[in-house]
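Listed below are the residues making up each chain.
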Amino acid sequence: TKGLGNMMMMSGMAMPGMAGQQQQMQGSGMAAAGLGKSQQDLAAERQAILEEKRTASREEVEQFCAENRLDPNAANIFRREPPDIQANVIDRGSMAECKNPSAALMGRLRDARQNR
């Protein structure tokens, strides 16, 4: 690249400000990727997002398990999920009409985890 720059200068095709543009492009890429932030800043942002999400109470989870005829294994898996995941599943509505509500729960949990 040094030879190319010299050739451009010799031919009268100076490219002023090129280094600044390159730095600017690199800086914006770093900011977009979150690389310019400290781990502490990223953790604080994630915590703020989680705090804004609705969470389900234990009573709400137990009521959902009973109303939707979840088998004991599925109900235990659901109880161990974080409260924001539980709320996401519950907010999608009843599964009482599902042929296999426990299988439907597993699908909802997968979706909730992916959309977290």
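Check the entry above for the structure.
Rules used in this analysis
- Residues numbered from 1 in each chain as written.
- Predicted model: local features only at pLDDT ≥ 70, side-chain atom pairs only at ≥ 80, totals over all residues.
- Heavy atoms only, no water.
- Helix = DSSP H or I, 4+ residues; strand = E, 2+ residues; numbered from the N terminus.
- Buried < 20%, exposed > 50% of the residue type's maximum accessible area, 1.4 Å probe, protein only.
- Contact = heavy atoms within 4.5 Å.
- Areas by Shrake-Rupley, 256 points an atom, 1.4 Å probe, with all protein chains shown as cover.
- Core = buried A, V, L, I, M, F, W, Y, C linked by side-chain atoms within 4.5 Å.
- Salt bridge = Lys/Arg side-chain N within 4 Å of Asp/Glu carboxyl O.

Counting its secondary structure elements, the protein contains seven helices and zero strands. Counting over 116 residues, the protein shows a buried share of 22%. Contacts in the protein between residues at least 24 apart in sequence constitute 65% of all its contacts with a sequence separation of at least 6. Accessible surface computed for the protein: about 8600 Å², of which carbon and sulfur atoms make up 54%.

This brings us to the environment of Pro-72. Within the fold, Pro-72 resides in helix α5 (residues 72-79). Taking relative accessible area as the criterion, Pro-72 reaches 64% and is therefore assigned exposed. Between the alpha carbons of Pro-72 and Ser-102 there is a distance of 9.2 Å; along the sequence they are 30 residues apart.

If you look at the biggest cluster of nonpolar residues, it comprises 16 residues, and the most contacted ones within it are Phe-64, Leu-70, Phe-78, Val-89 and Leu-105. Elements supplying a minimum of two residues to this core: α4 (58-67), α5, α6 (83-91) and α7 (101-114). Per element, the largest residue contribution to this core is four residues, and it comes from α6. Every residue in contact with Phe-78, bar those within four places of it in the chain, is listed here: Val-61, Phe-64, Cys-65, Gln-86, Val-89, Ile-90, Leu-105 and Leu-109.

A few words on the pattern of salt bridges. Across all of its chains, the model carries eight salt bridges by this definition. The residue Arg-116 makes a salt bridge to Asp-84 at a minimum N-O spacing of 3.0 Å. Of this pair, Arg-116 sits in the segment after α7 while Asp-84 sits in helix α6; the two residues are 32 residues apart in sequence, bridging distant segments of the chain. One salt bridge connects Arg-92 with Asp-111, and the closest N-O pair in it is separated by 3.2 Å. Of this pair, Arg-92 sits in the loop between α6 and α7 while Asp-111 sits in helix α7, and the two are 19 residues apart along the sequence. We classify Arg-92 as partly exposed; its relative accessible area is 46%. Three or more residues are tied together by salt bridges with common partners; here these are Arg-54, Glu-60 and Asp-91.

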